[in-house]
Every structure is written in structure tokens, then in C-alpha cells.
Amino acid sequence: MFVFIWLIVCLSTNKGALGGETYCQTTDYCVTLTNNTAEAGLCAVIPCSFTSPFKPEHIIWYKCDEIRCSNSHLVFHSDKNNENVKVGFRGRVSLLEPDVTQKNCSIMINDLKESDFGSYQLRVEGYELSDKFTYTVKKTTLSLSDLNKKAQSDDSSTD
Ligand SMILES: *[C@@H]1O[C@H](CO)[C@@H](O)[C@H](O)[C@H]1NC(C)=O
Ligand SMILES: *[C@@H]1O[C@H](CO)[C@@H](O)[C@H](O)[C@H]1NC(C)=O
């Protein structure tokens, strides 16, 4: 119920939350993504779906720095016991569709912080050791909404 309410709030404040383009790395591995904007303090939804030739067991998200997106930037793992998820992200990121076999990688980030804005990359792992794939073909960028920027500049102009 709690997640459901947040979802309504997130979807109604997220610009361009629906739709998205499909990017394929090979014919078997495609990801459908959009860029999104949100306001700090609120929550963001990153809509996402993917295709894979194997049955997914875990959905994983990396946040990217200027150089790369890697395991040291793990911000979400559908295995809640995974200890490598960065402390600042633990408990704030959740899947919209908890059934990972649906291949729906949409996530919601609550209590947005300035440091959450930036690019994210998807990784999916299956049941076999060889069933793993990082969708490097496309990143999704979460930006601070113009609304917020405008509010900030309005604030400074009244100083
Ligand atoms: C997001 O924006 C960046 C920078 O403009 C662009 O390179 C990238 O293709 C966009 N990604 C998507 C998923 O639209
Ligand atoms: C992913 O799941 C969410 C929540 O159930 C839903 O709103 C969204 O439409 C789904 N996306 C796709 C591409 O199925």
C-alpha cells in the first residue's frame, strides 16, 4: 500500500515517465528506456523493460560516474540480502514489478538526493552462471527538473 501511494505520487510528478525507446545490443538483448526528470526530496520512477534469452533471476542497477558504471556503484539488487549495494541507496530503491521474470526493470527511487541525479545502467542475471548481461548499449539519465531549477533561481532573485 505504501509503495502504491508513492507510485501514484511519483508517476504524476515524473515528466515523460511513459513510453521510451528500445535499444538493442544484439537481437537477444534489448532495453527500453527514457531519460527522466524529478525533483530532489521527492521520488523518481525510471521506466524500463528488457529482453533476454534467459530467464531472469535478478535485476541490478549501477549508477555511473564519468568513467564507468560498475559493481562499485551498485545502487539496486533485487536480492535484498546483497551486501554490495551502496549504503546511501539501501532501502530507497525498489522495483515497480516485483516479479523479475516479467522483464520489467522499472525502479522507483524515494527521498531523492542531489547525488542521485546522473546516469544509470541495467544488469540482469539468470540462474546459470553464464546467464548474465550488462546493457551497456544505453544508459538512462535522471535529471533535476526545470521546475526545481526555476524555484531555486526565483529564490535567489528575491534575495
Ligand atoms: C539521455 O540523454 C543523453 C544526453 O542527452 C543521451 O545521450 C541519451 O541517449 C539519452 N538516453 C535515453 C535513454 O534517451
Ligand atoms: C512495469 O511495471 C509497472 C508496475 O506494474 C507498470 O506500471 C509498467 O507499465 C510496466 N512496464 C512495462 C513495460 O510492462
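From a predicted model like this one, the values you see are computed outputs, not experimental measurements.

Participant: Would you take a moment to explain the overall build of the protein chain for this structure?
Facilitator: Across its full length, the protein chain carries two helices and 12 strands. Within the span of the protein chain, comprising 159 residues, buried residues form 45% of the whole. For the protein chain, contacts bridging at least 24 residues in sequence account for 58% of all contacts bridging at least 6. A total accessible area of about 8900 Å² is found for the protein chain, and carbon and sulfur atoms account for 53% of it.

Participant: It is not clear to me how the sheet that holds strand E4 (residues 44-46) should be interpreted in this structure. Could you clarify?
Facilitator: Hydrogen bonds between backbone groups are what pair the strands of a sheet, and the pairing can be parallel or antiparallel. Strand order in the open sheet formed by three strands is E4-E9-E8, and the pairing between neighbours is antiparallel. Looking at strand neighbours, the two that pair on one side only are E4 and strand E8 (93-95), the edges of this open sheet. Within this sheet the neighbouring strands show an average axis-to-axis angle of 25°, counted without direction.

Participant: I tried to follow the site of ligand 2 on my own but got confused; where do I start?
Facilitator: Near ligand 2 the following residues occur: Ser49, Leu96, Glu97, Asn104 and Ser106. Here Asn104 contributes a side-chain N or O atom positioned 2.2 Å from an oxygen atom of ligand 2. Relative to its free-state accessible area of 360 Å², ligand 2 is covered by the protein chains to the extent of 44%. Residue composition of the shell around ligand 2, by class: one nonpolar, three polar and one charged.

Participant: Please clarify how the site of ligand 1 should be interpreted in this entry.
Facilitator: Within the structure, ligand 1 sits among Tyr23, Leu33, Thr34, Asn35, Lys138 and Lys139. At 2.3 Å from an oxygen atom of ligand 1 is found a side-chain nitrogen or oxygen belonging to Asn35. In the environment of ligand 1, an oxygen atom lies 2.4 Å from a nitrogen or oxygen atom belonging to the side chain of Lys138. Contact with the protein chains covers 49% of the free accessible surface of ligand 1, which is 360 Å². Grouping the constituent residues of the shell around ligand 1 by class yields two nonpolar, two polar and two charged.

Participant: Honestly, the nonpolar core in this entry has me stumped. Any pointers?
Facilitator: Most often, soluble globular proteins keep nonpolar side chains buried together rather than apart. Ranked by internal contacts, the top residues of the largest apolar core, which has 35 residues, are Ile59, Trp61, Tyr120, Leu122, Tyr135 and Leu142. Among the elements that take part in this core, strand E6 (residues 56-64) stands out by supplying five residues, more than any other. If we ignore the near neighbours within four places in the chain, the residues touching Leu122 are Val31, Cys48, Phe50, Ile59, Ile60, Trp61, Cys105, Phe133, Thr134 and Tyr135.

Participant: Would you explain the packing of aromatic side chains in this entry?
Facilitator: Two descriptors summarise a pair of aromatic rings, namely the distance from one centre to the other and the angle between the planes of the rings. In the structure shown here, the tally under the stated rule is five aromatic pairs. Where Tyr29 meets Phe54, the ring centres are 6.3 Å apart and the plane angle is 55°; that geometry is what we call tilted. In this pair, Tyr29 is assigned in strand E2 (residues 29-33) and Phe54 in the loop between strand E5 (48-51) and E6, connecting sequence segments 25 residues apart. Given the relative accessible area of 14%, Tyr29 is considered buried. For Phe54, a relative accessible area of 8% puts it in the buried group. Each residue in the set Tyr29, Phe50, Phe54, Phe133 and Tyr135 is aromatic and connected to the rest through ring pairs, giving one cluster. The ring of Phe89 has Arg92 lying over it, and the distance from NZ or CZ to the ring centre is 5.1 Å.

Participant: Got a minute to help me understand the state of the cysteines in this structure?
Facilitator: Disulfides are covalent bonds that link the sulfur atoms of two cysteine residues. Enumeration over the complete set of coordinates arrives at three disulfides. Between the sulfur atoms of Cys24 and its disulfide mate Cys30 the distance is 2.0 Å. One quick way to see it: the torsion about the S-S bond of Cys24 and Cys30 is about 105°, and its sign makes the bridge right-handed. Residue classification places Cys30 among the buried positions, given a relative accessible area of 9%. Between the sulfur atoms of Cys64 and its disulfide partner Cys69 the distance amounts to 2.0 Å. Of note, the bridge from Cys64 to Cys69 carries an S-S torsion of about 95° and is right-handed in sense. Exposure class is identical for Cys64 and Cys69. Each is buried.

Cut-offs used in this document
- Residues numbered from 1 in each chain as written.
- Chains lettered and ligands numbered in written order.
- Predicted model: local features only at pLDDT ≥ 70, side-chain atom pairs only at ≥ 80, totals over all residues.
- Heavy atoms only, no water.
- Helix = DSSP H or I, 4+ residues; strand = E, 2+ residues; numbered from the N terminus.
- Buried < 20%, exposed > 50% of the residue type's maximum accessible area, 1.4 Å probe, protein only.
- Contact = heavy atoms within 4.5 Å.
- Areas by Shrake-Rupley, 256 points an atom, 1.4 Å probe, with all protein chains shown as cover.
- Pairing = 2+ DSSP bridges.
- Axes fitted to C-alpha atoms, helices over the stretch in contact; angles between N-to-C directions.
- Near = heavy atom within 4 Å.
- Polar contact = N/O pair within 3.5 Å; in protein donor to acceptor, adjacent residues only side chain to side chain.
- Nonpolar A, V, L, I, M, F, W, Y, C, P; charged D, E, K, R; others polar.
- Core = buried A, V, L, I, M, F, W, Y, C linked by side-chain atoms within 4.5 Å.
- Phe/Tyr/Trp six-rings, centres within 6.5 Å; stacked < 30°, edge-to-face > 60°.
- Lys NZ or Arg CZ within 6 Å of the ring centre and 35° of its normal.
- Disulfide = S-S within 2.5 Å.

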